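Tertiary structure, described
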Amino acid sequence: MCSMRTEIMLFWVVNMIRVISPATSANLGPGFDVIAVALERPEDSMEFCEIDEGIEIEVKGYSVPVSPEKNIAGIVANKMLGDFKIERGVRISLNKGIRPMSGLGSSAASSTGTVIGISELFGISMNRDKLLEYSLIGEKATSGSFHADNISACLLGGLTIALSEPLKAFRFDVASSIDYVAVLPDVEVNTREARKILPKKITLRKYSSNLARACLLVRALEEGDFKKLNIAYEDNLITPLRSKLVPFYYELKREALSTGAEAFFISGSGPATLSLLNREKVDARDLAEHLKSFYLNKGIEAEIYWGKIGEGTRVT
Ligand code: HSE
């Protein structure tokens with residue numbers, strides 16, 4: 001909650017900013033560290049209130065540190081207040097709807113949400129590249145790496161292509177016929193650890209095979225072309241190594257594809273998976289429930305989310 005001043009004196013309400021920050025799914029098979037989509041659900045919501053000094057954090061929902069030095073929102077806020085010489089403080093109330101270590105862009109949501117919240121609260125004007133640069137600070141603090149895929153989709157919504165050098169992101173629309181199903185089994189995967197198992201070298205043949213699929217994937221998603229999508233989503237570089245981080249990955253994939261999914265991937269570094277489907281043929285909720293039952297039959301609890309490719313972080 002905001003300060004008493006803000007609650008009682010309505011004309012001070014401008015000192016509070018509320019932000020919604022969506023979950024995202026990165027890589028989408030061959031697009032490692034480059035391609036990502038924003039998801040309609042789940043999401044984080046955050047409130048930012050100006051206070052006299054310091055950074056205070058309160059957390060609801062999934063558990064994350066409340067200490068500003070350890071909380072991603074605190075780290076990003078601290079950097080912004082310092083860099084832009086803001087001689088005021090901020091209280092951040094974070095309702096964490098995206099489970100950390102899920103592969104659904106939890107750290108990107110906290111980070112990007114904070115960049116938007118702090119810039120709105122204190123009237124800091126930043127172009128898209130600067131918003132990305134500051135969002136990356138929180139992502140780097142969590143994963144130890146500079147991947148900009150999740151933050152790009154979180155900031156811009158839709159389907160995004162992220163470049164690391166120079167840091168830039170581009171948004172594309174996904175055909176309205178495409179729905180997603182995200183299945184999150186009750187295990188945790190730390191992105192930092194999941195990056196340690198990545199290959200150090202790849203063959204030119206594998207590189208060009210993945211590159212071709214990544215290009216085709218973007219066109220397939222824009223056009224809603226399921227024939228293209230069916231051949232574009234396979235990844236020969238990262239998925240074979242990371243599949244062991246997702247319980248029953250190959251069985252789940254078979255189940256999803258045989259129940260109507262047109263594409264199936266590890267979401268980010270897992271353990272969540274993402275299925276894409278043709279909403280005119282398959283009911284996303286049915287597929288989600290089916291995959292949840294698959295896990296329950298294996299003795300594993302799972303959360304499920306479904307919907308359309310969503311919008312980016314927004315002030316509400
Ligand atoms: N591209 C990143 C990775 C996303 O796969 O490590 C992490 O969510």
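It should be emphasised that the depicted structure is a prediction, and the values quoted were computed from it without experimental measurement. (Residues numbered from 1 in each chain as written. Predicted model: local features only at pLDDT ≥ 70, side-chain atom pairs only at ≥ 80, totals over all residues. Heavy atoms only, no water.)

1. Overview of the layout of surface pockets
Our working definition: Using a grid of 1 Å spacing that covers the protein atoms alone, one calls a set of points a cavity when a 1.4 Å probe fits there but cannot get out, and a pocket when the set is open and has protein on both sides within 12 Å along at least five of seven lines; lining residues are those with an atom within 4 Å of a point. Grid points are joined across faces, edges and corners, and a volume is the space filled by probe spheres set on the points. The secondary structure listing takes helices from DSSP runs of H or I that are at least 4 residues long and strands from runs of E that are at least 2 residues long, numbered from the N terminus. Residue polarity follows a fixed list, in which Ala, Val, Leu, Ile, Met, Phe, Trp, Tyr, Cys and Pro are nonpolar, Asp, Glu, Lys and Arg are charged, and the others, Gly among them, are polar.
There is about 590 Å³ of room inside the largest pocket. Surrounding the largest pocket, 36 residues form its lining, Ile 72, Met 101, Ser 107, Thr 142 and Thr 191 being those nearest its centre. Mapped onto the lining of the largest pocket, the elements with two or more residues apiece are helix H2 (72–83), strand E4 (89–96), helix H3 (106–121), helix H4 (128–143), helix H5 (149–156) and helix H6 (191–196). The element best represented in the lining of the largest pocket is H4, accounting for four residues. Its residues assigned to classes, the lining of the largest pocket shows twelve nonpolar, 16 polar and eight charged. A volume near 340 Å³ is recorded for the second largest pocket. Together, 15 residues line the second largest pocket, and Pro 30, Gly 31, Val 34, Leu 211 and Ala 214 are the ones closest to its centre.

2. Considering helix H10 (residues 249–258)
Test applied: Each residue's exposure class comes from its accessible area (1.4 Å probe, protein chains only) as a fraction of the maximum for that residue type: buried when under 20%, exposed when over 50%, partly exposed otherwise. This arc describes the spread of directions from the helix axis toward the C-beta atoms. Two residues form a contact once any of their heavy atoms are found within 4.5 Å.
Where H10 is concerned, the buried positions are Tyr 249, Leu 252, Lys 253 and Ala 256. The arc that holds every buried residue of H10, seen down its axis, measures 100°, which confines them to one face. Within H10, the exposed residues directed more than 90 degrees away from the buried face are Arg 254 and Ser 258. Where the residues of H10 are buried, they touch helix H9 (239–242), strand E8 (261–266), strand E9 (273–278) and helix H11 (284–297). Among the residues trailing H10, Gly 260 stands out with phi positive, at a value near 115°.

3. Thoughts on the site of the ligand
Stated formally: Consider each residue's heavy atoms; a residue with any of them within 4 Å of a molecule or strand counts as near. N or O atoms closer than or at 3.5 Å make up a polar contact, with two conditions inside protein: a donor-capable atom paired with an acceptor-capable one, and, for residues adjacent in sequence, both atoms drawn from side chains. For every accessible area listed, the method is Shrake-Rupley and the probe measures 1.4 Å; residues are considered covered only by the protein chains on display.
Within the structure, the ligand sits among Ala 26, Asn 27, Phe 32, Asp 33, His 147, Asp 149, Asn 150, Thr 191, Arg 195, Arg 242, Gly 268 and Ser 269. A distance of 3.2 Å is found between an oxygen atom of the ligand and a side-chain nitrogen or oxygen belonging to Asn 150. Protein chains shield 97% of the accessible area of the ligand, which is 260 Å² for the free molecule. Contributing elements (two or more residues each) for the shell around the ligand: H5 and H6. Residue classes in the shell around the ligand are distributed as two nonpolar, six polar and four charged.

4. Details of the pattern of salt bridges
The condition is simple: Each reported salt bridge corresponds to a side-chain nitrogen of Lys or Arg within 4 Å of a carboxyl oxygen of Asp or Glu.
Tallied over the full model, the rule gives 23 salt bridges. In this structure, the salt-bridge partner of Glu 50 is Arg 88, at a minimum N-O distance of 2.6 Å. Within this pair, whereas Glu 50 is found in strand E2 (residues 35–51), its partner Arg 88 is found in the loop between H2 and E4, the two being separated by 38 residues in sequence. Between Arg 219 and Glu 222 there is a salt bridge, with the nearest N and O atoms lying 3.0 Å from each other.

5. Focus on the environment of Arg 314
Inspection of the secondary structure assignment puts Arg 314 in strand E11 (residues 314–315). Here the alpha-carbon distance between Arg 314 and Ser 143, two residues 171 residues apart in the chain, equals 24 Å. Apart from residues no more than four positions distant in its own chain, Arg 314 is found in contact with Arg 18, Val 19, Ile 20 and Glu 43. A distance of 2.8 Å separates a polar atom in the side chain of Arg 314 from the backbone oxygen of Gly 312.

6. Considering the nonpolar core
Rule in force here: Take the buried Ala, Val, Leu, Ile, Met, Phe, Trp, Tyr and Cys residues and link them wherever side-chain atoms come within 4.5 Å; each set so joined is a nonpolar core.
By size, the foremost hydrophobic cluster in this structure holds 36 residues, and its most contacted members are Phe 48, Met 80, Val 90, Ile 92, Ile 118 and Phe 122. When residues of this core are traced back to their parent elements, those giving at least two are strand E1 (16–26), E2, strand E3 (55–61), H2, E4, H3, H4 and H5. With near-sequence residues (within four places) excluded, Ile 92 lies in contact with Met 46, Glu 47, Phe 48, Glu 56, Ile 57, Glu 58, Ala 73 and Ala 77. Within the second largest apolar cluster, 32 residues are counted, among which are Leu 217, Val 218, Ala 263 and Leu 276.

7. Overview of a nonpolar patch on the surface
Operational definition: For patch building, the residue pool is restricted to those with more than 30% relative accessible area and no salt bridge; the joining distance is 9 Å between like charges and 5 Å between nonpolar side chains (Val, Leu, Ile, Met, Phe, Trp, Tyr).
A surface patch of nonpolar side chains, amounting to about 420 Å² of accessible area, comprises Ile 202, Leu 204, Tyr 207 and Leu 211. With respect to the helices, strands and loops of the structure, Leu 211 is situated in helix H7 (residues 204–223).

8. Considerations on the sheet that holds E9
Selection rule: Strand pairing is assigned whenever DSSP detects at least two bridges linking the two strands. Between N-to-C directions, angles span 0 to 180 degrees; the directions come from axes that are lines fitted to C-alpha atoms, helices contributing only their stretch in contact.
Read from one edge to the other, the open sheet built from four strands follows the order E8-E9-E7-E10, with strand pairing classed as antiparallel. The sheet terminates laterally at E8 and strand E10 (302–308), the two strands that pair on one side only. Averaged over all pairs of adjacent strands, the angle between their axes in this sheet comes to 20°, without regard to strand direction. Across the sheet, H10 is in contact with E8 and E9; its angle to E8 comes to roughly 160°. Contacting strand E7 (178–185), E8, E9 and E10, H11 crosses the sheet at an angle of about 20° to E7.

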